[in-house]
Amino acid sequence: HYRLGAVHLNERNLADALNELTKAIEIYPDDPTYHDALGLAYLAKGMHKEALASMDRALSIDSAYSEAHVNKAAVYIDQQKWADARAESNLAVRNIFYRTPEYAWYNMGLSYYNSGELEKAIESYSKAVGANPSYAQAWYSMGMAYEKMSRTKDAIQAYERAVAVYPGYDDAYFNMGMALVKARDKSAAVKAFEKVIEIAPASEKAQSAREYIGLIK
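Please read all numbers here as calculations on a predicted model, not as lab measurements. Sequence order as written defines residue numbering, which begins from 1 separately in each chain. Whole-chain, interface and lining totals are the exception, using all residues; otherwise, since this is a predicted model, local features are given only for residues with pLDDT of at least 70 and side-chain atom pairs are given and counted only at 80 or more. Only hydrogens and water are set aside when side-chain values are computed; all heavy atoms of the structure are taken into account.

## So, the overall build of the protein
Assigned secondary structure in the protein consists of 13 helices and 0 strands. Along the protein, from the amino end to the carboxyl end, the secondary structure elements read α-α-α-α-α-α-α-α-α-α-α-α-α. Structurally, the protein occupies a C-alpha span of about 65 × 35 × 25 Å along its principal axes. Each residue's exposure class comes from its accessible area (1.4 Å probe, protein chains only) as a fraction of the maximum for that residue type: buried when under 20%, exposed when over 50%, partly exposed otherwise. When burial is assessed residue by residue, the protein has 47% of its 217 residues classed as buried. Contacts are residue-level and defined by heavy atoms, with any inter-residue pair within 4.5 Å sufficient. Restricting to contacts in the protein with at least 6 residues of sequence separation, those with at least 24 account for 41%. Only the protein chains shown count as cover for residues, and all accessible areas are computed by the Shrake-Rupley method using a 1.4 Å probe. Accessible surface, the protein: about 11,400 Å² in total, of which carbon and sulfur atoms supply 49%. Within this scheme the basic residues Lys and Arg register as positive and the acidic residues Asp and Glu register as negative, but His and the chain ends are omitted. By convention, the charge on Lys lies at NZ, on Arg at CZ, on Asp at CG and on Glu at CD. Taking the average place of the 25 positive charges on the side chains of the protein and the average place of its 28 negative ones, the gap between the two points comes to 6 Å. Under the scheme used here, helices are H or I runs from DSSP no shorter than 4 residues and strands are E runs no shorter than 2 residues, and both carry numbers assigned from the N terminus.

This is the structure in structure tokens:
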């Protein structure tokens, strides 16, 4: 039931995911992984109270199950409760045996970014990519924080790192193009916008990229 529930969750078949994960918990009520996965299914349906209850149940079974702290942070981010998200992220990274701390650092960065604490956001994103240099979303988010601070050169470099590890990252190419326009590097901006069109030709970003190329040229 758990594996099938996880498949349904990944495919966004949320009703089926909830059904299968609930059945899995009935059979194995003391597995924190199952409760945490059920919490993620509730989160995907926007059922925050139920999500938190499931994740808390996972932590009551295994207090060192850091994934549940990270996922609780995701619930709080969805609720725009930034301080609570940071608190849960901190609890996750305190566990020296947690294998993927980049997710906790990313959530912390996101909460700082949305609180307007941009220096702390960049510091958190830096720790995320330090833990996992291939974490494209963290590089991208770092670029956005740098842009808000008018640190255009640093933003461009962060976007470059994002597309280096994820060449199909059209949002990163688009933001890079915009930053390059600010930096008055028109030829590089055109190349970035052309990548957006190549990756996602029917998207709104691609249409905007075509318009910017027309303005630049």
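## Section: helix 1 (residues 2–10)
For helix 1, the full list of buried residues reads G5, H8 and L9. Here the buried residues of helix 1 occupy an arc of 100° about the axis, which is enough to place them on one side. Counted as exposed and oriented over 90 degrees from the buried face of helix 1: R3 and N10. Packing partners of the buried residues in helix 1 comprise helix 2 (14–27) and helix 3 (32–44). Looking at the residues trailing helix 1, positive phi occurs at R12, about 65°. Note: the arc covers the axis-to-C-beta directions of the helix.

## Side note on the pattern of salt bridges
Any two side chains of opposite charge can pair if their charged atoms end up close together. Whenever Lys or Arg places a side-chain nitrogen within 4 Å of a carboxyl oxygen from Asp or Glu, that contact is recorded as a salt bridge. Scanning all chains against the criterion turns up 10 salt bridges. A salt bridge links K120 to E117; its shortest N-O distance comes to 3.4 Å. K120 sits in the partly exposed class, given a relative accessible area of 41%. The closest approach of N and O atoms between E147 and K182, which form a salt bridge, is 3.1 Å.

## Topic: unusual backbone geometry
Here the phi dihedral of R12 falls at roughly 65°; this positive angle occurs in a residue that is not glycine. For R12, the location among the structural elements is in the loop between helix 1 and helix 2. Its identity is not glycine, yet S150 carries a phi of approximately 60°, on the positive side. By secondary structure assignment, the location of S150 is in the loop between helix 9 (136–148) and helix 10 (152–165).

## A few points about the packing of aromatic side chains
Ring pairs are drawn from Phe, Tyr and Trp, using the six-membered ring of Trp, whenever the two centres fall within 6.5 Å, and their geometry is named by plane angle: stacked under 30 degrees, edge-to-face over 60, tilted for the rest. For the structure shown, the criterion picks out 11 aromatic pairs. A centroid spacing of 5.5 Å and a plane angle of 45° characterise the contact between Y106 and Y135, whose relative ring orientation is tilted. Placement of Y106 in helix 7 (residues 101–114) and of Y135 in the loop between helix 8 (118–131) and helix 9 is noted, with a sequence separation of 29 residues between them. Pair check on accessibility: Y106 and Y135 agree, each one buried. An aromatic cluster is built from Y103, Y106, Y125 and Y135, whose rings are joined through pairwise contacts.

## Some words on the nonpolar core
The nonpolar core is taken to be a set of buried Ala, Val, Leu, Ile, Met, Phe, Trp, Tyr and Cys residues, with the residues joined through side-chain atoms within 4.5 Å. Of all hydrophobic cores here, the largest spans 42 residues; its most connected members are Y125, M142, Y169, M176 and F193. Within the residue set of this core, elements represented by two or more residues are helix 7, helix 8, helix 9, helix 10, helix 11 (170–182), helix 12 (186–199) and helix 13 (204–216). Counting residues per element, this core draws most heavily on helix 9, at 7 residues. Here M176 is in contact with I156, Y159, E160, V163 and A192, once residues within four sequence places are set aside. By size, the runner-up hydrophobic cluster in this structure holds 26 residues, among which are A24, A68, V75 and Y76.

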